[in-house]
Amino acid sequence: MPLGRRVPLALLAVAAFACAAAEDAPPPPREFDGAQALRHVERQLAFGPRIPGTPGHAAMGRWLDSLLRARADTVVLQRWEHVTKDGARLPLLNVLARFNPAAPSRLLFLAHWDTRPVSDAPGYTGPRVPVPGANDGGSGVAVLLGMADALARTKPTIGVDLLFVDGEDYGNFTTTPDDVLIGSRHYARTAIQLGPAPRYAVLFDMVGDRDLQIHQEGNSVVAAPDVVELVWKTARRLGYAAHFPADVKHQVTDDHVELQKAGIRAIDLIDFDYPAWHTPGDTLGMVSAESLQKVGDVAMALVREAP
């Protein structure tokens, strides 16, 4: 997640969605495996930094392709080359895993799989080394892979697309705005070629923090308030209200914004308050299976309970 992409919303006048009525429906059976999702994070870290153009990035791309072909009905690979502001040529890859691809009614879930080339968090004074990306990158991917595991066991009745976008975290929003959110921008330009637009999209970014606090995100509330309400209502019903506060705390320019520009009702699930962001401390020990479980349970409930 690039430097300078988040702005606290101390004075944003957006009404939070309160718990309006008792939600009596029983929770769905648990099918997401948080422990396995944490192993998916560990496997990503074993590749090293997943910076476009590096061996670790190429190896993880091959792993994603292979793993998803064993689970999804269809896998679409989007390969292209991006030329950065300083002239570097980045080989990029979006991976789209599709379940029930013929279904006209679809949901889209996404996360970025690349990692930040340099540790540069505000106030950080240590070495400018690559960020390991356990939470920033790894956790969102792990939730998608955990969903793929569950969907492979029990196929969905609606269409489900799991999108792994590349090049989200390469540049800087202030100095090189064209070198961030690269993969989601590319997908947004080409989505019309992939069939019916999704009913909505949910982005997972930094969702594995041990102290999980996913506040509603400002751009999401503005663009798709009903989707935000649905997700937070689902989290409450599953008993996760304490981890999904129903208030807006930050406004984030993230991959969901590029999808919004293309007319997709996309929202961002993100835990901004993460001390290890953009530092070498973004390691496996900062991520918990319990947090991944909660997010994965919400995601699977959205799929299984979709009308």
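Here's what I pulled together on the structure shown here. All of these numbers come straight from a predicted model, not from anything done at the bench. (Residues numbered from 1 in each chain as written. Predicted model: local features only at pLDDT ≥ 70, side-chain atom pairs only at ≥ 80, totals over all residues. Heavy atoms only, no water.)

Here a ring pair, both rings aromatic, is described through the centre-centre distance and the interplanar angle of the planes. Tallied over the entire structure, the rule returns three aromatic pairs. Centroid distance phenylalanine 47 to tryptophan 63: 5.6 Å. Interplanar angle 50°. Geometry classified as tilted. Of this pair, phenylalanine 47 sits in the loop between helix 1 (34–46) and helix 2 (55–69) while tryptophan 63 sits in helix 2, and the two are 16 residues apart along the sequence. The pair formed by phenylalanine 47 and tryptophan 63 is uniform in burial state, with each residue classed as buried. (Phe/Tyr/Trp six-rings, centres within 6.5 Å; stacked < 30°, edge-to-face > 60°. Helix = DSSP H or I, 4+ residues; strand = E, 2+ residues; numbered from the N terminus. Buried < 20%, exposed > 50% of the residue type's maximum accessible area, 1.4 Å probe, protein only.)

Compared with an ideal rise of 1.5 Å per residue, which puts 13 residues at 18 Å, helix 1 spans 19 Å between its outermost C-alpha atoms and is within 8% of the ideal. By the burial criterion, the buried members of helix 1 are Gly34, Ala37, His40, Val41 and Gln44. The arc that holds every buried residue of helix 1, seen down its axis, measures 105°, which confines them to one face. Tucked into the core, helix 1 has its buried residues touching helix 2, helix 3 (138–153) and helix 8 (289–304). For helix 1, the side-chain oxygen to backbone nitrogen distance between the N-cap and alanine 35 is 3.1 Å, and the N-cap itself is aspartate 33. (Expected span 1.5 Å × (residues − 1). Arc of directions from axis to C-beta. Contact = heavy atoms within 4.5 Å. Polar contact = N/O pair within 3.5 Å; in protein donor to acceptor, adjacent residues only side chain to side chain.)

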